Amino acid sequence: MSNIVIKGTAQLDAMRQVCRLAAQTLEETAKILGPGITTEDINTFVHDYTISHGAIPAPLNYRGFPKSVCTSVNEVICHGIPGPRQLKPGDIINVDVTSILDGWHGDVSATFYIGDPSPAARHLVEVTRTCLQLGISEVRPGARIGDIGAAIQAYAEANGCSVVRDFVGHGVGQAFHEAPQIPHFGKRGRGPRLKEGMVFTIEPMINQGGWQLHTLSDGWTAVTSDGKLSAQFEHTVVVTNEGVEILTAFSAPLVSSEVF
């Protein structure tokens with residue numbers, strides 16, 4: 001707990017600004033998605049939109065990541081590198097945006113349908129969307145970090161899916177990744193207690209098959225070991241005296257996906 005940064009009023013105001021920009025960036029990106037677009041097209045849009053709004057795309061050159069956004073298609077769990085891949089009808093894609101504005105980070109992602117997905121793909125995406133909602137609903141002062149993961153894991157597994165273990169939510173602020181870590185699996189009553197002013201992401205990655213993964217030779221792209229689909233949704237939240245505020249809340253449902 002000693003490493004967790006508790007944000008005060010001025011810091012939270014800065015976080016609200018950058019998180020609003022990150023959410024806005026994803027809202028606008030959603031409008032260009034469709035069959036035939038490449039993941040590099042998405043990267044170009046996110047990069048240009050971010051720069052034009054006086055911000056910096058956080059992924060670019062972060063620990064050597066070569067692009068401005070993560071684009072994870074179908075069996076890709078996370079950290080997909082944009083490139084020449086064209087999206088096809090029936091694909092699902094997670095677009096993960098992190099912006100830096102005045103030294104503060106805002107982090108948000110959503111999974112989108114490209115055309116009409118299969119019933120199995122739709123089931124996975126909707127389970128994942130609900131997992132995020134359930135995780136956020138656990139956030140309040142005095143709750144424990146384990147409560148978040150327990151709620152997510154119970155719902156995912158009850159619906160025939162699995163929760164990725166290797167990647168977790170994280171504190172966020174002036175650093176891209178801060179304490180605490182937020183596992184999306186676990187047991188109630190375990191882990192540090194949540195306190196007002198804690199800011200972190202909840203970003204469950206839910207797989208259609210097993211939770212195991214491997215990383216491709218590029219050193220970044222994580223894919224399901226069994227080749228089955230994976231989906232993810234993410235918000236940056238802050239613990240308030242009354243419960244939780246979603247800092248990256250969208251102003252309206254996203255195109256291709258009814259995200260709260």
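Residues numbered from 1 in each chain as written. Predicted model: local features only at pLDDT ≥ 70, side-chain atom pairs only at ≥ 80, totals over all residues. Heavy atoms only, no water.

> What's the story with unusual backbone geometry in this structure? I'm lost.
It is generally the case that most residues other than glycine have a negative phi and that most peptide bonds are trans. With an omega dihedral of 5°, the bond running from Ala179 to Pro180 counts as a cis peptide bond. Backbone geometry places Asp102, a non-glycine residue, at a positive phi of 55°. Judged by relative accessible area, Asp102 falls into the exposed class, the value being 67%. (Buried < 20%, exposed > 50% of the residue type's maximum accessible area, 1.4 Å probe, protein only.)

> How do you make sense of helix H3 (residues 119-137) when you look at a structure like this?
Counting along an α-helix, one turn takes 3.6 residues, and residues three or four places apart therefore face a common direction. Look at H3: 27 Å from first C-alpha to last across 19 residues, which is about the 27 Å you get at 1.5 Å a residue. Along H3, the residues that are buried comprise Ala121, Leu124, Val125, Val127, Thr128, Arg129, Cys131, Leu132, Gly135 and Ile136. (Helix = DSSP H or I, 4+ residues; strand = E, 2+ residues; numbered from the N terminus. Expected span 1.5 Å × (residues − 1).)

> Is there a simple way to think about the environment of Tyr62 in this case?
Within the secondary structure, Tyr62 sits in the loop between strand E1 (56-57) and strand E2 (70-73). The spatial distance from the C-alpha of Tyr62 to the C-alpha of Leu101 is 16 Å, given a sequence separation of 39 residues.

> Would you mind going over the sheet that holds strand E13 (residues 230-232) with me for this structure?
The strands making up a sheet associate through backbone hydrogen bonding, with each pair oriented either parallel or antiparallel. Strand order in the open sheet made by the three strands is E6-E10-E13, with antiparallel pairing throughout. A strand with exactly one partner marks an edge of an open sheet, and here the two such strands are strand E6 (162-163) and E13. Alignment of strand E10 (residues 205-207) against E13, held across three bridges, turns out to be antiparallel. When the sheet's bridge partners are listed, Asn207 is paired in E13 with Ser230. On top of the sheet, H3 reaches E10 and E13; it is set at about 35° to E13, its chief contact. (Pairing = 2+ DSSP bridges. Contact = heavy atoms within 4.5 Å. Axes fitted to C-alpha atoms, helices over the stretch in contact; angles between N-to-C directions.)

> How should I be thinking about the pairing of strand E8 (residues 178-182) in this particular structure?
As a general feature of sheets, a regular strand has side chains that alternate between the two faces. Direction of pairing for strand E7 (residues 169-171) relative to E8: antiparallel, over a ladder of three bridges. Note on E8: the bridge partner recorded for Gly171 is Glu178. In this antiparallel pair of consecutive strands, E7 and E8, the connection spans six residues.

> Quick question: what am I supposed to make of the nonpolar core here?
Across soluble globular proteins, you tend to see nonpolar side chains buried next to one another. In this structure, Leu26, Ile42, Phe112, Leu194, Phe200 and Ile202 are the most contacted members of the largest nonpolar core, which totals 49 residues. Listing elements by their share of this core, those giving two or more residues are helix H1 (9-30), helix H2 (39-52), strand E4 (92-101), strand E5 (104-113), H3, helix H4 (145-158), strand E9 (199-202) and strand E14 (235-239). Broken down by element, this core gets its largest block of residues, seven residues, from H3. Setting aside its immediate chain neighbours within four residues, Ile202 contacts Leu132, Gly135, Ile136, Val139, Ile148, Ile152, Ile182, His184, Phe233, Glu234, His235 and Val237. Core analysis: the next-biggest nonpolar cluster, separate from the first, contains 14 residues, Val18, Cys19, Ala55 and Val199 among them. (Core = buried A, V, L, I, M, F, W, Y, C linked by side-chain atoms within 4.5 Å.)

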